[in-house]
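Structural description and commentary
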Amino acid sequence: EAGVAQSPRYKIIEKRQSVAFWCNPISGHATLYWYQQILGQGPKLLIQFQNNGVVDDSQLPKDRFSAERLKGVDSTLKIQPAKLEDSAVYLCASSFQGLGEQFFGPGTRLTVL
Amino acid sequence: GQNIDQPTEMTATEGAIVQINCTYQTSGFNGLFWYQQHAGEAPTFLSYNVLDGLEEKGRFSSFLSRSKGYSYLLLKELQMKDSASYLCAVRTPGGATNKLIFGTGTLLAVQP
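Residues numbered from 1 in each chain as written. Chains lettered and ligands numbered in written order. Predicted model: local features only at pLDDT ≥ 70, side-chain atom pairs only at ≥ 80, totals over all residues. Heavy atoms only, no water.

Regarding the sheet that holds strand 7 (residues 65-68) of chain A
Residue and element names in this part refer to chain A. With antiparallel pairing, the four strands of this open sheet are ordered in space as 1-3-8-7. Bordering the open sheet on either side are strand 1 (5-7) and strand 7, each of which pairs with just one other strand. Going from strand to strand, the sheet's axes swing by 15° on average, the running direction of each strand aside. Bridge count between strand 3 (residues 19-24) and strand 8 (residues 75-79): five bridges; the pairing is antiparallel. Its bridge partner being in strand 8, Cys23 is matched across the sheet by Ser75. (Pairing = 2+ DSSP bridges. Helix = DSSP H or I, 4+ residues; strand = E, 2+ residues; numbered from the N terminus. Axes fitted to C-alpha atoms, helices over the stretch in contact; angles between N-to-C directions.)

Structure (structure tokens):
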């Protein structure tokens, strides 16, 4: 079974630029998560989707971050404009149901200069 | 508030046994997960505990005491490939689905 796919794997941008990340979850998984993992820390949940609806975005900095999952499958996470402190790995995960085990993608490593 | 504590780093010898502890204080509890994360890679699932006691899975075991807010991951017959970060995560009830809160991870170095 194919795992969670993410692209790009690496991205370097300057502060105040925009960036977008893409995630394709495991087929049939209704729940999709975006996490931010800063070096030396555990993943922090940014947003959780159930199909194409947002379940939890309480820790998403909504002034600069946005995410969508229009058809309940693929998802994109955008940062506009980026700040230095946004440098992190952005992990996408999916689960069959909201209570199920989460499967993680390889992540996108973002460096903001 | 939500608080999950793990040691930052541990070192152990190949072939030995190591125990990684995790304590938590969360608003609600609906299970505890352990994930392994190699440098530059995604976390991968190791174990899940929702009831008190020990869950064994090959060389890996995980223990939970809900009354003490405590869990540990036990790794036996350590191999060099076990060098990785081990993340403790608590699932807390919230909304339509539950939410995972991760600790900062314990970086384990296995030495020959």
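Some thoughts on the packing of aromatic side chains
All names here are of chain A. Counting across every chain of the model gives 16 aromatic pairs over all chains. Each ring, one from Phe65 and one from Tyr90, has its centre 6.4 Å from the other, and the planes form 40°; the classification is tilted. Of this pair, Phe65 sits in strand 7 while Tyr90 sits in strand 9 (residues 88-95), placing them 25 residues apart in sequence. Side by side, Phe65 and Tyr90 carry an identical accessibility label, which is buried. (Phe/Tyr/Trp six-rings, centres within 6.5 Å; stacked < 30°, edge-to-face > 60°. Buried < 20%, exposed > 50% of the residue type's maximum accessible area, 1.4 Å probe, protein only.)

Describing the pairing of strand 7 (residues 60-65) of chain B
For a regular strand, side-chain orientation follows a simple rule: the groups alternate between the two sheet faces. All names here are of chain B. Across the six residues that make up strand 7, a large majority, five, are buried. Direction of pairing for strand 6 (residues 53-57) relative to strand 7: antiparallel, over a ladder of five bridges. By the bridge assignment for strand 7, Leu54 is matched with Phe63. Examined bridge by bridge, strand 7 and strand 8 (residues 70-75) share six bridges and lie antiparallel to one another. Note that in strand 8 the partner of Leu64 across the bridge is Ser71. Turn length for the strand 7-strand 8 hairpin, with the two strands adjacent in sequence and antiparallel, is four residues, and the turn residue Gly69 shows positive phi of about 60°.

Notes on the interface of chain A and chain B
Chain A puts 24 residues into the contact, and the matching count from chain B is 17 residues. For the pair chain A and chain B, the summed buried area comes to about 1,500 Å², and 54% of that belongs to carbon and sulfur atoms. When the buried surface of chain A facing chain B is broken down by residue, Leu99(A), Glu101(A) and Phe104(A) rank first, second and third, together holding 29% of it. The tally of links from chain A across to chain B stands at one salt bridge. Asp56(A) is paired through a salt bridge with Lys99(B); the nearest N and O atoms lie 3.5 Å apart. Where chain A meets chain B, there are two residue pairs in polar contact (both at pLDDT 80 or more). For the side of chain A that touches chain B, the leading source of residues is strand 5 (residues 44-50) of chain A, giving three residues. Residues that form the side of chain A that touches chain B fall into these classes: eight nonpolar, twelve polar and four charged. (Contact = heavy atoms within 4.5 Å. Buried area = accessible area lost by both parts, 1.4 Å probe. Salt bridge = Lys/Arg side-chain N within 4 Å of Asp/Glu carboxyl O. Polar contact = N/O pair within 3.5 Å; in protein donor to acceptor, adjacent residues only side chain to side chain. Nonpolar A, V, L, I, M, F, W, Y, C, P; charged D, E, K, R; others polar.)

Points about the side chain of Thr106(B)
Residue and element names in this part refer to chain B. Tracing the backbone shows Thr106 in strand 11 (residues 106-111). With relative accessibility at 0%, the residue Thr106 sits in the buried group. Setting aside chain neighbours within four positions, we find Thr106 in contact with Gln6, Pro7, Thr8, Glu9, Met10, Ile20, Ala84, Ser85 and Tyr86.

Worth remembering: the numbers are spatial, not functional.
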